[in-house]
Amino acid sequence: MRIYEAKDYQEMSRKAANILSAQVILKPDSVLGLATGSTPIGMYDQLVEWYKKGDLDFSKVKTVNLDEYKGLTHDNDQSYYYFMHEHLFDRVNIDPANTNVPDGTEEDPEKECARYEKLIESMGGVDIQLLGIGHNGHIGFNEPDSTFAKTTHCVDLAESTIEANKRFFASVDDVPRQAYTMGIGTIMKAKKILLIVNGESKADAVAKAFFGPVTPEVPASILQFHSDVVVIGDSAALSKIPR
Ligand code: GLP
């Protein structure tokens with residue numbers, strides 16, 4: 001694992017965008033595993049800027065997103081489908097047919113999760129998976145648990161995640177209680193992993209995930225067993241790691 005320190009959010013975003021753009025330049029038909037949340041917004045803005053300058057071409061790129069709230073329709077501005085279109089897909093020359101987000105409107109979890117897992121396989125797997133991290137160490141929506149979930153599944157969101165995400169909704173009651181997410185096994189199959197994190201509030205999660213024991217109680221800790229992980233954190237997020 002390589003950990004790169006960035007002085008602030010902007011530098012973290014630019015470093016992360018550098019890695020994703022290198023991937024696309026080296027392999028124009030890359031399968032990018034993408035993530036949502038507030039953390040990657042600056043990175044997407046940077047990629048769009050480079051695309052507009054003519055430095056990046058997304059025409060052959062394929063994408064699979066990590067997760068989606070169950071029950072939110074595509075036109076709901078809090079759905080991850082909406083987020084991805086707003087922050088990236090509608091701003092670059094990616095073919096919408098090549099973009100994939102779990103379908104939050106599918107009511108049958110078994111059906112949707114099996115479909116999504118098969119889809120990722122049929123694309124030949126993920127070349128690089130982008131991740132953020134939750135305050136409790138979650139990745140995607142894999143919440144602290146007694147076991148690591150293998151494949152795409154439906155989860156009940158932790159109270160702390162509902163609390164953390166309520167800032168995006170009109171009220172806490174509007175936050176969906178369930179989500180579809182790639183499993184830990186799905187994430188671990190990605191050839192490369194890029195995790196980005198900023199802010200002091202994530203410093204404990206970072207220290208536990210990358211320097212504590214590997215345990216499903218801290219889902220991101222499993223990444224210690226992946227052979228190609230890059231973590232880019234700003235100084236605040238890395239303030240509690242051993243030096
Ligand atoms: C959300 C998402 C994750 C994201 C994390 C952190 O609940 N499901 O994919 O990485 O929590 O979000 P943020 O970047 O807004 O702190």
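Here, every reference points to the structure presented above.
Owing to the predicted nature of the structure, the values given are computational and were not obtained by experimental measurement.

1. So, helix H4 (residues 109-122)
Turning to step 1, where the next piece is worked out: A rise of 1.5 Å per residue sets the reference length of H4, with its 14 residues, at 20 Å; its end C-alpha atoms lie 20 Å apart and thus fit the reference within 8%.
Turning to step 2, where the next piece is worked out: For H4, the complete set of buried residues consists of Glu112, Cys113, Tyr116, Glu117 and Ile120. All buried residues of H4 project into a common sector of 125° when viewed along the axis, lining one side. For H4, the exposed residues set more than 90 degrees away from the buried face come down to Glu110, Lys111, Lys118, Glu121 and Ser122.
Turning to step 3, where the next piece is worked out: With a side-chain oxygen positioned 3.1 Å from the backbone nitrogen of glutamate 110, the residue opening H4 is aspartate 108.

2. A look at the sheet that holds strand S5 (residues 99-100)
Turning to step 1, where the next piece is worked out: Ordered in space as S1-S10-S9-S6-S2-S3-S5, the 7 strands form an open sheet in which the pairing is parallel. At either margin of the open sheet sits one strand with a lone partner, and together these are strand S1 (2-6) and S5.
Turning to step 2, where the next piece is worked out: As paired strands, strand S2 (residues 31-34) and strand S3 (residues 62-65) are joined by 4 bridges and run parallel to one another. For leucine 34, the partnering residue across the bridge sits in S3 and is asparagine 65.
Turning to step 3, where the next piece is worked out: Most of the contacts of H4 go to S3, to which it runs at about 150°, and overall it touches S3 and S5.

3. A closer look at the site of the ligand
Turning to step 1, where the next piece is worked out: What surrounds the ligand is a group of 13 residues, the closest being Ser38, Thr39, Asp67, His138 and Lys202.
Turning to step 2, where the next piece is worked out: Within the side chain of threonine 39, an N or O atom sits 2.4 Å from an oxygen atom of the ligand.
Turning to step 3, where the next piece is worked out: Lysine 202 is positioned with one of its side-chain polar atoms (N or O) 2.8 Å from an oxygen atom of the ligand.
Turning to step 4, where the next piece is worked out: In isolation the ligand offers 390 Å² of accessible surface; the protein chains occlude 96% of this area.
Turning to step 5, where the next piece is worked out: Across the shell around the ligand, the residue classes break down as 3 nonpolar, 7 polar and 3 charged.

4. Some points on the side chain of aspartate 234
Turning to step 1, where the next piece is worked out: Within the fold, aspartate 234 resides in strand S10 (residues 229-234).
Turning to step 2, where the next piece is worked out: Within the buried set, aspartate 234 has no salt-bridge partner at all; the shortest N-O distance to an opposite charge, 9.3 Å, is to arginine 243.
Turning to step 3, where the next piece is worked out: At 3.1 Å, the side chain of aspartate 234 and the backbone nitrogen of glycine 199 are in polar contact.
Turning to step 4, where the next piece is worked out: A polar contact of 2.9 Å, which involves the side chain of aspartate 234, links it to the backbone nitrogen of alanine 237.
Turning to step 5, where the next piece is worked out: Each residue touching aspartate 234, except ones within four places of it in the same chain, is listed here: Ala6, Asp8, Tyr9, Val197, Asn198 and Gly199.

5. Comments concerning the packing of helix H1 (residues 9-26) against helix H2 (residues 41-52)
Turning to step 1, where the next piece is worked out: In contact at an axis separation of 8 Å, H1 and H2 are set at 55° when each is read in the N-to-C sense. It follows from the interaxial angle that H1 and H2 lie oblique. When the axes of H1 and H2 are compared, the crossing they make is right-handed. Where H1 approaches H2, its residues Tyr9, Ser13, Arg14, Ala16, Ala17, Asn18, Leu20 and Ser21 are matched on the opposing element by Ile41, Gly42, Met43, Gln46, Leu47 and Trp50.
Turning to step 2, where the next piece is worked out: A per-class count over the contact of H1 with H2 returns 8 nonpolar, 5 polar and 1 charged.

Calculation notes
- Every chain is numbered independently, its residues counted from 1 as its sequence is written.
- Local features in this predicted model are restricted to residues of pLDDT 70 or higher, and side-chain atom pairs are both shown and tallied only at a pLDDT of 80 or more, whereas totals for entire chains, interfaces and linings draw on every residue.
- Heavy atoms from the whole structure form the basis of all side-chain values; hydrogens and water molecules are not counted.
- Strands are runs of DSSP state E lasting at least 2 residues, helices are runs of H or I lasting at least 4, and numbering of each runs from the N terminus.
- Working rule for helices: expected span equals 1.5 Å times residues minus one.
- For each residue, the accessible area found with a 1.4 Å probe, counting protein chains only, is set against the maximum for its type, and the residue is called buried under 20%, exposed over 50%, and partly exposed in between.
- Our arc is simply the arc of the directions from the helix axis toward the C-beta atoms.
- Nitrogen and oxygen atoms within 3.5 Å of one another constitute a polar contact, given that in protein one can donate a hydrogen and the other can accept it, and given that sequence-neighbouring residues count only through two side-chain atoms.
- One requirement defines pairing of two strands: DSSP has to find at least two bridges between them.
- In this description, contact between two residues means that some pair of their heavy atoms is separated by no more than 4.5 Å.
- Between N-to-C directions, angles span 0 to 180 degrees; the directions come from axes that are lines fitted to C-alpha atoms, helices contributing only their stretch in contact.
- Throughout, near means a residue has at least one heavy atom within 4 Å of the molecule or strand.
- Where accessible areas are quoted, they stem from the Shrake-Rupley method and a 1.4 Å probe; at the residue level, only the protein chains shown are allowed to cover.
- The residue classification treats Ala, Val, Leu, Ile, Met, Phe, Trp, Tyr, Cys and Pro as nonpolar and Asp, Glu, Lys and Arg as charged. All others, Gly included, are polar.
- Within this scheme the basic residues Lys and Arg register as positive and the acidic residues Asp and Glu register as negative, but His and the chain ends are omitted.
- The term salt bridge refers to a side-chain nitrogen of Lys or Arg lying within 4 Å of a carboxyl oxygen of Asp or Glu.
- Here the angle decides the label: under 35 degrees means roughly parallel, over 145 means roughly antiparallel, 65 to 115 means roughly perpendicular, and every other value means oblique.
- Each helix crossing is assigned a hand: it is left-handed if the near helix lies turned anticlockwise from the far helix by less than a right angle, otherwise right-handed if that turn is clockwise.

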